[in-house]
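What the coordinates show
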Amino acid sequence: MGISVTDLSKHYGPVAAIGGVSFEIADGEFVSLLGPSGCGKTTTLRCIAGLEHATGGRISIGGRLVSAPAEGLLVPAHERQIGMVFQSYAVWPHMSVRQNVAFPLSVRGVSAADCASQVAEALRVVGLEHLADRHPSQLSGGQQQRVALARAIIGSPAVLLFDEPLSNLDAKLREGMRGEIHRLQRRLGIAAVYVTHDREEALSMSDRVIVMEQGRIVQVGTPRDLYRRPRSRFVADFVGKVGLIALHRQGDGWASTDGTAILVAPGEPCGPTALGAVRPENIRLLRGGEVAAAPEVNLLSGIVTEAQYLGPFTEYVVDAAGASLRAFAQMDLPVGAPVTLGIAAEHLVLVPDA
Amino acid sequence: MTGIAKRAGTRGGAASERILHGLYLLTFAAVLALVMLPISALIYGSFRTSAPGEPVGEWTLRNYENLASQGVLNSMWTTLWIGLVSAAFCIILGTALALVVHRTDFRWPRLMTTLIGLAFYFPSFIVAMAWIIMGSPGGVVNAVLGDLLGLEWPRVDIYSAFGIVFVSVLHQVPFVYLTVRGPIIHMDASYEEAARAAGATPMTVMRRVTLPLLGYSLASSFILVFVLSIEQFAVPALIGIPGRVTMLATQLYLLVRFSPVDYGLAAAIGLALSAITGAAIWAQRRITRAGRLTTVTGKAGRVAPIPLGRWRWAANLFCFGFISLALLLPMVILIYTSLLRWFTANPFAGMYTWRNYVFMWESDSTWQSLWNTLIVSGVGAVMGVTLGLMCSYFTLRLRPKGHGWLDLLVVLPFGVPGIVLGLGLLWAYAFLPLPLYGTIAVIIVAFVTRFLPYATETVGGQMVQIDRSLEEAAWVGGANRLRAAQRIILPLIAPSVQGAYFLLFMAFFREISAAILLYSANTKVISISIWAFFEQANWGQASALSVATTFVIFAILLVIGWLVSAGRRF
Ligand SMILES: Nc1ncnc2c1ncn2[C@@H]1O[C@H](COP(=O)(O)OP(=O)(O)O)[C@@H](O)[C@H]1O
Ligand SMILES: [Mg+2]
């Protein structure tokens, strides 16, 4: 059940927008497609919706094969039983809120009484009962987004698809809507695919995140997994701030370019050189001389080159071990101050350097 | 989960596809026939020695050789320079009007917009007739100059190239005004405010920022007016034929209607004229496409109006002077002429009578032509808009195989002057085994073909603005394509469909050039009846019918304006 995508590809003329993408999404699972603009997220989602015709691969929704161009099978969008929220909301300006939400039921010939009760329920869920007879032009952006949401969930679709639904909202509203969309999906217990280029959205809402780059999947995992154990420089960089230390093999272990031996987290063996990736919040910043040696902790001496005071803490850039590393600390240090960085081995993750 | 079962009940997907496919084929066939029949008939005719339908003719290149004859070259030259000079005057006057009305503290912008709108719908052949009555050698102006003021000099003669330019400009300035008005109003105010902040005076801003930013709009408008000037028929025929100033459109008419008749040469001239207008339209579309990338952002801003100060009298004189020449004076003269028993330039010597109106009221043929006009306009516009709507939907939304060809076919009539289209149909229906010749249907066919691009531009202009996702949301919500078109697209473009209907109705009501070669005694439309009276030198009848027609047109405008503003309240 849920959604199953196998070796999906989509070509525009000679250009491959997506080249061989496979994943499974279980019922009740919330999965994000995350990646930079132009990497093929929207195209993947639209292929699932049937708004774009895939050029290869297979797609099943709820156990039913809906797209298999090799066999000449293409179920049109209106027969796929999906709920979708568009980036532009796509709330029809010539219909009232109630008519907008009722549309998926009314085109399917649901009786008026049934329709009215389901619409009322859907509007209640998104908190718009009191605006049912307004027209979209009389609604704020956030309210229009709720209309789109109500329209997507009405009549219990088999899957829910979201294409950057929050990108047109202001920051405050966005955070509120995140929680709301997540709760809603949990309640309905159906598979959801959420396209975004905002890593916070992806990390905070998803059960799993699929990271894409140039039409391909580069890593799939839970938000924690992705953040803590990125498998490439691209993923490490894309899901959060990261410091990268160039490393090469030295005996059994690793060393930085200036020859310091570096302890790293156990992981897959790489080639003769690699990058050690560390998140800023995992770097302990110590004043120049303070050295509190501990097992399994790398101690690197460096110089503060930049400092940005952000309120709760200061973000420092420190040159150490031949790299520029970001670190957060509450103490105040001037630029040029000598410091020591403490990085626990478990927080230094190896990724290939190419 | 009862909901799933309910959502699953989608029917009619395949049927909807079949219906849409059928509609597409039908639309394609109709447009292909409408556009390509007259054009290919014309091309055929241009290689023949004989008149349409005559069995004796043979193949020849003579008609193209004759294009290079002195007579044709002269008319080509006349056509081009009259077109360029008219277009230049129109652009200057029309832009100046728009700037005065919308960018200064001119006192009556709304009144002026309304009056210019009326002038836009005032038929060109009626303006031409009025100015002939005023400006002919024995006309009102010379009478005033000579008899009233006792001057020996000057005298005016409307029957000249100058006369054609004069009347064309009066008729077409409103078109320029209406096309540059939008860009002037919607221009992003911040460009001009930045120039003001940089220390420029209002006049410098106008010269250095506003006008250059309007460049694309002005260039596009210039080309369109040039095309209107060289393809028009009524004005050069009414003024130019008596004055022996021949433009290509009138030469074509003379070759078909008066001996020595030469249909083949007429066809070649028609193609030559179409080549010029077609190339101009092509250039215009390139310019608009390039221009769309710049300047006008749609964020209308309020720039502080330029104070007219002590030049207010000049601005008022300019605006109301233009309206007087283009609208008021012609109306007064026509009313005056329609009330005279015999024409005289001196209103104190006139014998006044209602008999022109009485005759008009009692004449069966006038009623017949009114009835014909209403059928042609009412029914023809429905057909034109329906076809235009289909074309827009298929070329902009559904985009099935071959839609690019449909898109091209549909703009071709833009490049074909009305009288050329008429000639093409004349050739075509002489060969087709259809009993269409001499019926009202052939006039409808001609008008629909000629104005089809106007319908697709109007409807398509709004259709492209409907975000794709609005339609996609309906598909995802379970509506098949037909259903989505019907419930989402159609309601959203309804205003432009109404607009296109109105545009076509008014155009059909006034059109003369496409009908002049196709009408028969029973299929006269009002414009042709007026034309016929005027040709018989029956100025009284022509004026009475013109006055009546003008009042009908203005009454329709009034009703539509009222309906639109009533509709806006919801
Ligand atoms: N209609 C189209 N024609 C040609 N190329 C397209 C079309 N739509 C998308 N693309 C290309 O496909 C790639 C993926 O696009 P998209 O899925 O929209 O990216 P994303 O949503 O990840 O930003 C892009 O490089 C884009 O240029
Ligand atoms: Mg996208």
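As named in an unreviewed UniProt entry, chain B is Iron(III) transport system permease protein, taken from Humitalea rosea. UniProt, in the comment section headed Sequence similarities (unreviewed entry), describes chain B in these words: "Belongs to the binding-protein-dependent transport system permease family."

The record held by UniProt for chain A lists under Sequence similarities (unreviewed entry) the comment "Belongs to the ABC transporter superfamily."

1. Describing the overall build of chain A
On a plain count of helices and strands, chain A comes out with eight helices and 21 strands. Put simply, chain A has 354 residues, and 51% of those count as buried. A sequence separation of at least 24 residues applies to 66% of the contacts in chain A between residues at least 6 apart. Carbon and sulfur atoms form 51% of the exposed surface of chain A, whose accessible area is close to 15,100 Å². For chain A, the distance from the average position of its 32 positive side-chain charges to the average position of its 35 negative side-chain charges is 5 Å.

2. Brief notes about the side chain of Thr456 of chain B
With respect to the helices and strands, the residue Thr456 of chain B is situated in helix H20 (residues 440-463). Aside from chain neighbours lying at most four places away, what touches Thr456 of chain B is Gly388, Cys391, Ser392, Val410 and Gly461 of chain B.

3. A few points about the interface of chain B and chain A
Facing 27 residues of chain B, the contacting portion of chain A comprises 31 residues. In total, about 2,700 Å² of surface goes out of reach between chain B and chain A, with carbon and sulfur atoms giving 60% of it. At the boundary of chain B with chain A, the tally comes to eight residue pairs in polar contact (both at pLDDT 80 or more). Of all elements in the fold, only helix H1 (2-8), helix H21 (468-476) and helix H22 (481-510) of chain B reach the threshold of two or more residues within the side of chain B that touches chain A. No other element matches H21 of chain B, which puts seven residues into the side of chain B that touches chain A.

4. Section: the UniProt feature "domain: ABC transmembrane type-1" (unreviewed entry) in chain B
Residue and element names in this part refer to chain B. Feature annotation in UniProt assigns "domain: ABC transmembrane type-1" (unreviewed entry) to the following positions: residues 76-284 and 370-560. Here residues 76-284 runs as 80% helix and 0% strand, with 21 Å between its end C-alpha atoms. With 77% helix and 0% strand, residues 370-560 has end C-alpha atoms that lie 20 Å from one another.

5. Quick word on the domain arrangement of chain A
As far as domains go, chain A holds domain 1 (3-228) and domain 2 (241-351). Each of domain 1 of chain A and domain 2 of chain A was reduced to a C-alpha centroid, and the two centroids are 40 Å apart.

6. Some words on unusual backbone geometry
Pro260 of chain B follows Ser259 of chain B through a cis peptide bond whose omega is 5°. Here Pro260 of chain B is to be found in the loop between helix H13 (248-257) and helix H14 (263-291). Backbone geometry at Ala321 of chain A places phi at a positive 50°, although glycine is not the residue there.

7. So, the pattern of salt bridges
Taken as a whole and assessed by the stated rule, the structure comprises 19 salt bridges over all chains. With a closest N to O distance of 3.2 Å, Glu121 of chain A and Arg124 of chain A form a salt bridge. Residue Glu121 of chain A and its partner Arg124 of chain A are located together in helix H3 (residues 112-126), separated by three residues, close to a single helical turn. Between Arg285 of chain B and Glu457 of chain B there is a salt bridge whose closest N-O contact spans 3.3 Å. Taken together, the positions of Arg285 of chain B in helix H14 and Glu457 of chain B in helix H20 put the pair 172 residues apart, joining distant regions of the chain.

8. So, helix H5 (residues 109-121) of chain B
At 3.6 residues per turn, the α-helix brings residues three or four places apart onto the same side. With 13 residues, H5 of chain B extends 19 Å between its outermost C-alpha atoms, agreeing within 8% with the 18 Å of an ideal straight helix rising 1.5 Å per residue. Looking at H5 of chain B, one finds that the buried residues are Met112, Thr113, Leu115, Ile116, Gly117, Ala119, Phe120 and Tyr121 of chain B.

9. Looking at a nonpolar patch on the surface
A contiguous nonpolar patch, built from Val144, Leu148, Leu149 and Leu151 of chain B and spanning about 360 Å² of accessible area, is present on the exposed surface. With respect to the helices, strands and loops of the structure, Leu148 of chain B is situated in helix H7 (residues 140-148).

10. So, the sheet that holds strand E19 (residues 323-329) of chain A
Residue and element names in this part refer to chain A. Pairing is antiparallel in the open sheet, where five strands are placed in the order E16-E20-E17-E18-E19. The outermost strands of the open sheet, each flanked by one partner alone, are strand E16 (283-287) and E19. Geometrically, the sheet is characterised by an average inter-axis angle of 45° between neighbouring strands, direction not taken into account. Where E16 and strand E20 (residues 338-344) come together, five bridges link them in antiparallel fashion. Considered in E20, the bridge of Leu286 is made with Thr340.

11. Description of the packing of aromatic side chains
Inspection of every chain in the model, using the stated rule, returns 37 aromatic pairs over all chains. Ring plane angle 80° and centroid distance 5.9 Å describe the contact between Tyr24 of chain B and Phe28 of chain B, whose orientation is recorded as edge-to-face. Within this pair, Tyr24 of chain B and its partner Phe28 of chain B are both found in helix H2 (residues 13-46), separated by four residues, close to a single helical turn. Residue classification places Tyr24 of chain B among the buried residues on the basis of a relative accessible area of 5%. Ring geometry for Tyr121 of chain B and Phe502 of chain B: centres 5.7 Å apart, planes at 55°, overall tilted. Pair noted here: Tyr121 of chain B is in helix H5 and Phe502 of chain B is in helix H22, with a separation of 381 residues, a long-range link. Given the relative accessible area of 16%, Phe502 of chain B is considered buried. Put simply, the rings of Phe414, Phe447, Phe451, Tyr454 and Phe508 of chain B pair up and form one aromatic cluster. A cation over an aromatic ring shows up here: Arg279 of chain A above the ring of Tyr227 of chain A, its NZ or CZ 4.1 Å from the ring centre.

12. Brief notes about the domain arrangement of chain B
Residues and elements named next belong to chain B. Domains assigned within chain B are domain 1 (1-46 + 363-535) and domain 2 (64-356). Interface area lost by domain 1 to domain 2 is led by Arg510, Trp531 and Phe534, which between them contribute 23%. Joining domain 1 to domain 2, the criterion identifies six residue pairs in polar contact (both at pLDDT 80 or more). Elements with a minimum of two residues in the side of domain 1 that touches domain 2: H2, helix H19 (418-431), H20, H22 and helix H23 (526-535). Of the residues in the side of domain 1 that touches domain 2, the class split is 20 nonpolar, five polar and four charged.

13. Brief notes about the UniProt feature "domain: ABC transporter" (unreviewed entry) in chain A
Here, the residues flagged by UniProt with the feature "domain: ABC transporter" (unreviewed entry) are residues 3-239 of chain A. Along residues 3-239 of chain A, the helical share is 35% and the strand share 28%, with 25 Å between the first and last C-alpha atoms.

14. Remarks on the side chain of Glu231 of chain B
Residues and elements named next belong to chain B. Turning to its location among the elements, Glu231 is positioned in helix H11 (residues 215-231). When its relative accessible area of 6% is taken as the criterion, Glu231 is described as buried. With sequence-adjacent residues up to four places away left out, Glu231 is seen in contact with Ala249, Thr277, Phe414, Val416, Pro417 and Arg450.

15. Section: the site of ligand 1
Residues and elements named next belong to chain A. The full set of residues close to ligand 1 is Tyr12, Ala17, Pro36, Ser37, Gly38, Cys39, Gly40, Lys41, Thr42 and Thr43. Taking Gly38, its main chain carries an N or O atom lying 2.6 Å from an oxygen atom of ligand 1. Contact with the protein chains covers 56% of the free accessible surface of ligand 1, which is 560 Å². Ranked by residue count, the leading element in the shell around ligand 1 is helix H1 (residues 41-49), at three residues. Grouping the amino acids of the shell around ligand 1 by side-chain chemistry returns four nonpolar, five polar and one charged.

16. As for the sheet that holds strand E9 (residues 191-196) of chain A
Hydrogen bonding along the main chain pairs the strands of a sheet, whether they run parallel or antiparallel. Residue and element names in this part refer to chain A. With mixed pairing, six strands are arranged side by side in an open sheet as E7-E8-E9-E3-E10-E11. Looking along the sheet, the strands with just one partner apiece sit at the ends: strand E7 (82-85) and strand E11 (216-221). Across this sheet, the average inter-strand angle for adjacent strands is 20°, counted without regard to direction. Relative to E11, strand E10 (residues 208-213) runs antiparallel, the two sharing five bridges. Bridging across to E11, Ile210 finds its partner in Val220. Against the sheet, H1 contacts strand E3 (30-34), E7, strand E8 (159-163), E9 and E10, and its axis sits at roughly 150° relative to E8.

Calculation notes
- Residues numbered from 1 in each chain as written.
- Chains lettered and ligands numbered in written order.
- Predicted model: local features only at pLDDT ≥ 70, side-chain atom pairs only at ≥ 80, totals over all residues.
- Heavy atoms only, no water.
- UniProt positions renumbered as here; feature names shortened; annotations may be inferred.
- Helix = DSSP H or I, 4+ residues; strand = E, 2+ residues; numbered from the N terminus.
- Buried < 20%, exposed > 50% of the residue type's maximum accessible area, 1.4 Å probe, protein only.
- Contact = heavy atoms within 4.5 Å.
- Areas by Shrake-Rupley, 256 points an atom, 1.4 Å probe, with all protein chains shown as cover.
- Lys, Arg positive; Asp, Glu negative; His and termini not counted.
- Charge placed at Lys NZ, Arg CZ, Asp CG, Glu CD.
- Buried area = accessible area lost by both parts, 1.4 Å probe.
- Polar contact = N/O pair within 3.5 Å; in protein donor to acceptor, adjacent residues only side chain to side chain.
- Domains from an automatic or database assignment.
- Salt bridge = Lys/Arg side-chain N within 4 Å of Asp/Glu carboxyl O.
- Expected span 1.5 Å × (residues − 1).
- Patch = residues over 30% accessible without salt bridge, like charges linked within 9 Å, V, L, I, M, F, W, Y side chains within 5 Å.
- Pairing = 2+ DSSP bridges.
- Axes fitted to C-alpha atoms, helices over the stretch in contact; angles between N-to-C directions.
- Phe/Tyr/Trp six-rings, centres within 6.5 Å; stacked < 30°, edge-to-face > 60°.
- Lys NZ or Arg CZ within 6 Å of the ring centre and 35° of its normal.
- Nonpolar A, V, L, I, M, F, W, Y, C, P; charged D, E, K, R; others polar.
- Near = heavy atom within 4 Å.

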